[in-house]
Amino acid sequence: MTSEVRPAPAEDSALVGFQKHDHAHCVESSLTVAETRCKEEGLRLTPVRRKVLEMLLQEHRALGAYTILDRLRDEGFGSQPPVAYRALDFLVENGFVHKIERLNAFVACAHPGATHSPAFMICRKCDAVAETHSTPAKGELGAAARAVGFEIERTVVEAEGVCPDCTEKA
């Protein structure tokens, strides 16, 4: 039996990252989704992979691979770069984590188990990241692609600005 893939949430509840929420529940439910999906699909959520996912879930900001590696070392998981990169590759490949290209860093998926094209709002002051979803294939990009016979397989939408917390502090 494989896990049911849910559609992305409705627009009004899709933004995750800047608003106040029950963070403990956020972390716990995302870990449960990952563990369940791995069990159902025969994927190995090793202790290192689980710890990396947990680290990223504890933050709503992007972390670089070397920051993750330092934290893994502090937790006793080893200090060789392949340790972090293998875990990150697995988590990205299976949709539990997204790579933020602009920062060359990683963030936990805010909508685990949902089929979606993520879009990210990145605070240039504190590196907080909010995730929502986009529909690039339906917008102007999709129309341009269809006009030339191009099939979009993946998009990365990243907007840089200032988050509500940093705006309040200014």
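Please refer to the structure placed before this passage.
No experiment lies behind these values; they were computed from the predicted model shown.

About the criteria used
- Within each chain, residues carry numbers counting from 1 in the order of the written sequence.
- Note on the predicted model: pLDDT of at least 70 is required for a residue's local features to be given, and 80 or more for side-chain atom pairs to be given and counted; whole-chain, interface and lining totals, by contrast, use all residues.
- With hydrogens and water stripped out, all remaining heavy atoms of the structure feed into the side-chain values.
- Two rings from Phe, Tyr or Trp (for Trp, the six-membered ring) form a pair when their centres sit within 6.5 Å of each other. Planes less than 30 degrees apart are called stacked, planes more than 60 degrees apart edge-to-face, and all others tilted.
- Only DSSP runs of H or I covering at least 4 residues are called helices, and only runs of E covering at least 2 are called strands; the numbering of each starts at the N terminus.
- Exposure categories follow from relative accessible area, calculated using a 1.4 Å probe and restricted to protein chains: below 20% of the type maximum is buried, above 50% is exposed, and the middle band is partly exposed.
- N or O atoms within 3.5 Å of each other form a polar contact, as long as, within protein, one can give a hydrogen and the other can take it, and as long as residues adjacent in sequence are counted only when both atoms are side-chain atoms.
- Two strands pair under a simple rule: DSSP has to find at least two bridges between them.
- Note on definitions: angles span 0 to 180 degrees between N-to-C directions of axes, and those axes are lines fitted to C-alpha atoms, for helices only across the stretch in contact.

Student: Describe the packing of aromatic side chains, and please don't skip the residues or the numbers.
Tutor: Applying the stated criterion across every chain, the model contains 2 aromatic pairs. Consider the rings of Y66 and Y85, whose centres lie 6.4 Å apart with planes at 80 degrees: the pair is edge-to-face. Of this pair, Y66 sits in helix α3 (residues 65–74) while Y85 sits in helix α4 (residues 81–93), and the two are 19 residues apart along the sequence. Take Y85: its relative accessible area is 36%, and that puts it in the partly exposed class. For the ring pair F90 and F96, a centre distance of 6.4 Å and an interplane angle of 35 degrees mean the geometry is tilted. For the pair shown, F90 and F96 are each scored as buried.

Student: With reference to specific residues and values, describe the side chain of E131.
Tutor: Mapped onto the elements of the fold, E131 is located in strand β6 (residues 129–134). Only 3.3 Å separates the side chain of E131 from the side chain of H98, close enough to count as a polar contact. Polar side-chain contacts of E131 include one of 2.8 Å to the backbone nitrogen of A110.

Student: Any details on the sheet that holds β6? Residues and values, ideally.
Tutor: Overall, mixed pairing links the 3 strands, which are arranged β6-β5-β7 in an open sheet. Only two strands of the sheet have a single partner each, and these edge strands are β6 and β7 (157–161). Taken pair by pair, the neighbouring strands of this sheet meet at an average axis angle of 25 degrees, ignoring direction. Bridge count for strand β5 (residues 117–123) against β6 is 6 bridges, and the pairing is antiparallel. Across the sheet, I122 pairs through a bridge with V129, a residue of β6.

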